[in-house]
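The primary structure of each chain is shown beneath.
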Amino acid sequence: MSQFIAFISGVIFAVGLAIGGMTQPHKVLAFLDLFGKWDASLAFVMGGAIAVYMPIYWLARRRLGGRLQLPAAQRPDRRLLVGAAMFGVGWGLVGYCPGPALVSLSTLTRPALIFGAAMLAGMFLHGRLGRR
């Protein structure tokens with residue numbers, strides 16, 4: 001049953017990304033263009049997501065307490081900061097982040113396939129380098 005719920009949640013997430021325009025790199029890049037033709041619509045998508053998530057998170061924390069798995073680290077370390085910077089540069093250059101990129105793979109467009117292959121290569125390298 002939990003796998004079914006996870007699957008349905010993933011489908012809802014994918015549909016929400018597509019409806020919200022997060023799978024359209026030009027829309028994401030316009031959102032990041034603060035000093036050009038800024039498109040604030042994705043801020044409303046993110047705000048809506050936070051508005052739905054926060055009450056559920058608070059309820060889960062209250063009801064599940066110690067069974068809720070939260071990160072143990074309290075401060076960002078060098079690996080987190082470097083990874084976040086690389087993520088931000090990739091997002092800003094191409095307009096894809098991992099979730100919307102996976103949804104975009106279903107379109108079989110060339111940019112989505114190239115980004116998907118690059119993302120897989122990065123995951124492979126991380127697995128190799130992360131063991132050291």
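Below, the structure is looked at part by part. Note that the structure is a prediction, hence the values are computed from the model and not measured.

Calculation notes
- Residues numbered from 1 in each chain as written.
- Predicted model: local features only at pLDDT ≥ 70, side-chain atom pairs only at ≥ 80, totals over all residues.
- Heavy atoms only, no water.
- Buried < 20%, exposed > 50% of the residue type's maximum accessible area, 1.4 Å probe, protein only.
- Salt bridge = Lys/Arg side-chain N within 4 Å of Asp/Glu carboxyl O.
- Helix = DSSP H or I, 4+ residues; strand = E, 2+ residues; numbered from the N terminus.
- Core = buried A, V, L, I, M, F, W, Y, C linked by side-chain atoms within 4.5 Å.
- Contact = heavy atoms within 4.5 Å.
- Phe/Tyr/Trp six-rings, centres within 6.5 Å; stacked < 30°, edge-to-face > 60°.
- Polar contact = N/O pair within 3.5 Å; in protein donor to acceptor, adjacent residues only side chain to side chain.
- Axes fitted to C-alpha atoms, helices over the stretch in contact; angles between N-to-C directions.
- Parallel < 35°, antiparallel > 145°, perpendicular 65-115°, else oblique.
- Nonpolar A, V, L, I, M, F, W, Y, C, P; charged D, E, K, R; others polar.

### Topic: unusual backbone geometry
Of note, Leu108 is a non-glycine position whose phi angle comes to about 55°, a positive value. Residue classification places Leu108 among the exposed residues on the basis of a relative accessible area of 62%.

### Brief notes about the pattern of salt bridges
Tallied over the full model, the rule gives one salt bridge. In this structure, the salt-bridge partner of Lys27 is Asp39, at a minimum N-O distance of 3.2 Å. In this pair, Lys27 sits in helix α2 (residues 25-32) while Asp39 sits in the loop between α2 and α3 (41-64), placing the two residues 12 residues apart along the sequence. We classify Lys27 as partly exposed; its relative accessible area is 21%.

### A few points about the nonpolar core
The biggest cluster of nonpolar side chains holds eight residues, and these are Leu17, Met22, Val28, Phe31, Leu42, Trp91, Cys97 and Val103. Those residues within four positions of Leu42 in sequence are excluded, and the remaining contacts are Gly20, Gly21, Met22, Lys27, Val28 and Phe31. Membership of the second largest hydrophobic core comes to five residues, among which are Tyr96, Ala101, Ala112 and Phe115.

### Concerning the packing of aromatic side chains
In the structure shown here, the tally under the stated rule is three aromatic pairs. Centre to centre, the rings of Tyr96 and Phe115 are 5.2 Å apart; their planes meet at 40°, and the pair counts as tilted. With Tyr96 in the loop between α4 (78-94) and α5 (98-104) and Phe115 in helix α6 (residues 110-130), this residue pair connects regions lying 19 residues apart in the sequence. Grouping residues by exposure puts Tyr96 and Phe115 together as buried.

### Quick word on the side chain of Ser104
By secondary structure assignment, the location of Ser104 is in helix α5. A distance of 3.3 Å separates a polar side-chain atom of Ser104 from the backbone oxygen of Thr23.

### Considerations on the packing of α2 against α3
The contact between α2 and α3 brings their axes to 8 Å, and the two run at 95°. Considered as vectors, α2 and α3 are oriented roughly perpendicular to each other. Contacts from Lys27, Val28 and Phe31 of α2 reach α3 at Ser41, Leu42, Ala43 and Met46. Class assignment for the residues of the contact of α2 with α3 results in five nonpolar, one polar and one charged.

In short, shape yes, function no, at least from these values alone.
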